[in-house]
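# Per-entry structural report
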Amino acid sequence: MDLSLLKKTLDSLELPAFRYRQIVKNYYSGRYLNFDQMTDLSLPLRQKLSETLSLLSVSEKTIVGNESTQKALLELSDGQKIESVFMDYEDWLTACVSSQVGCPLACSFCATGKMGFKRNLTPEEIVDQILYWNQKIYPKYIGRVVFMGMGEPFLNWENILTAINIINSNEGLNIGARKISVSTAGVADKIIEFANLDTQINLAVSLHSADQKTRESFMPIAKQYSLAQLKNACNYYVGKTNRQLFFEYALMDINTSQNDAILLANFINSNRLFFLNLIPLNSVDGGMTPASPDQQKTFIDYLNKLGVEYSLRRSFGQDISAACGQLATV
Ligand code: SF4
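Residues numbered from 1 in each chain as written. Predicted model: local features only at pLDDT ≥ 70, side-chain atom pairs only at ≥ 80, totals over all residues.

Turning our eyes to something else, we now look at the site of the ligand. What surrounds the ligand is a group of 12 residues, the closest being C103, C107, C110, G113 and A185. Across the shell around the ligand, the residue classes break down as seven nonpolar, four polar and one charged. (Near = placed C-beta within 6 Å. Nonpolar A, V, L, I, M, F, W, Y, C, P; charged D, E, K, R; others polar.)

Here it is as C-alpha cells:
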C-alpha cells in the first residue's frame, strides 16, 4: 500500500494519528484482502479508502503450481510484471521475491537476464509480494524470505534495505533477520557494504565457476568484479561477521571438469566459513546446458576427494519454471 497516500487521505479527513497506525497494522498483518474486510474501521472510512487506495501494489495475473511450490505472475501499477514464488519446504513457508523488473546482469543461464532491465521495484512492491502470499496462505504466514527472484538485489539496495526493515520490524512483518537471505551475483563492493551493516541477514553468492575466464563467459558481471575481488570481499564479509557465507554453484556441462573441481575446492577451502551449495541447473530456452547425471556424479566425486563440504540442493518448481534462473515475464 502507498503509505504516503494513506497518510494524506487520513489527514484530509482530519482523523487522529492512531487511525494511521491501526490501518498500517492491519495491512502488515496480511489478513485482509481489501479495506472492506477491516471491520474495526467505520463503513464510510472503509469506503473512502477503497475509492482512494489499493491495499496491495501488486495484483495477481496468473498463478500456477501445487501445494509445495507456487509461482504467481504479478502486475504492478504501471503495467510491468514480475514473478514471485512460494515454497513450503522443511516446515518453512518461504517467499522467493523479486527485486527488479528484469535484470541488467544478463547471466546466460537465466531467463530473467534474457528479459533485459526494466526498472527497480519500490520497497512497497517488494513487501507486497510477501503480503500477497500471506493473503493466499492465511491463517498461515510466510516465515522465511529469500531475495532470489528476478533481479540483482544489490543493484536496488536502498529499496531492498527499506523493505527489509519493514519485513524484520515487529511493527511490520516481524520476520527474523536470520530468516531473510539475500543472493548476489557478485557485486563485490556491495558485499563489503553489507558486511558493515552488522546484520544477521544471510548472504549467498552465485559463484558458478571458480575460473575467471569461464565465469566471465556466462556471467558478464565477472568482468566488472574479478574472482579475486569477489573473494576479497567475501573474506572481508566473513571476517567482519563471523557468519557462514553460502556459494551457489549450478551444475552445467561447462563448469564440471576435474580442473573446475580443483579450482572450486581451492576457493571454498580457503575459508572455513565458506560453504558450497550445488544446484542442478534449471534449463531455460537459449540458456546453458545442464551437466548430465554422469557429469554431476563425476564432479561430486572429485569434490569429495578434494575434501570439499557441500550440500546438494533439490531444485524446486522446475515443472512450473519457478526454479532459480527460470523466472521471466516475457
Ligand atoms: S541470475 Fe540473477 S543476476 Fe544473473 S541475470 Fe538472473 S536475476 Fe540477474
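Turning next to the pairing of strand β7 (residues 144-147). Here three bridges tie strand β4 (residues 92-96) to β7, and the two strands are oriented parallel to one another. Within β7, the position partnered with T94 by the bridge is R144. Pairing of β7 with strand β8 (residues 180-184) involves three bridges; the strand directions are parallel. Residue pairing in the sheet places F147 in a bridge with V182 of β8. A crossover connection joins β7 to the parallel β8 through helix α6 (residues 157-168); in handedness this β-α-β unit is right-handed. (Pairing = 2+ DSSP bridges. Helix = DSSP H or I, 4+ residues; strand = E, 2+ residues; numbered from the N terminus. Right-handed = clockwise from strand over helix to strand, strands pointing away.)

As summarised here, the arrangement of the 10 strands in space is β1-β2-β3-β4-β7-β8-β9-β10-β11-β12, forming an open sheet in which the pairing is mixed. Edge strands, defined here as strands with exactly one partner in the open sheet, are β1 (58-65) and β12 (310-312). Mean inter-strand twist for the sheet, computed between neighbouring axes without regard to direction, equals 25°. One ladder, built from five bridges, connects strand β3 (residues 81-89) with β4; its direction is antiparallel. Each bridged residue has a counterpart across the sheet, and for D88 the counterpart in β4 is L93. (Axes fitted to C-alpha atoms, helices over the stretch in contact; angles between N-to-C directions.)

Each assigned domain of the protein is listed with its residue range as follows: domain 1 (3-52) and domain 2 (58-320). One C-alpha centre belongs to domain 1, the other to domain 2; they are set 35 Å apart. Residue-level contacts link four residues of domain 1 with seven residues of domain 2. Per-class residue counts for the side of domain 1 that touches domain 2 are two nonpolar, one polar and one charged. (Domains from an automatic or database assignment. Contact = placed C-beta atoms within 7 Å.)

In this section: the packing of helix α7 (residues 188-196) against helix α10 (residues 227-241). Between two packed helices, what matters for the description is the angle formed by their axes and the separation of those axes. Direction vectors running N to C along α7 and α10 enclose 5°, while the axes themselves pass 8 Å from each other. Taken together, the axes of α7 and α10 lie roughly parallel to each other. Contacts between α7 and α10 pair A188, I191, I192, F194, A195 and N196 from the former with Q229, L230, A233, C234, Y236, Y237, K240 and T241 from the latter. Each residue belonging to the contact of α7 with α10 can be placed in one class, and the counts come to 10 nonpolar, three polar and one charged. (Parallel < 35°, antiparallel > 145°, perpendicular 65-115°, else oblique.)

What follows concerns helix α5 (residues 123-137). In this model α5 runs 22 Å from its N-terminal to its C-terminal C-alpha over 15 residues, within 8% of the 21 Å that 1.5 Å per residue would give. Most of α5 is tucked away, with 12 of its 15 residues classed as buried. The complete set of buried residues in α5 reads P123, E124, E125, I126, V127, D128, Q129, I130, L131, Y132, W133 and N134. Summarising the contacts, the buried residues of α5 are in contact with β1, β2 (69-76), β3, β4, β7 and α6. (Expected span 1.5 Å × (residues − 1). Buried ≥ 20, exposed ≤ 12 C-beta atoms within 10 Å, placed from the backbone.)

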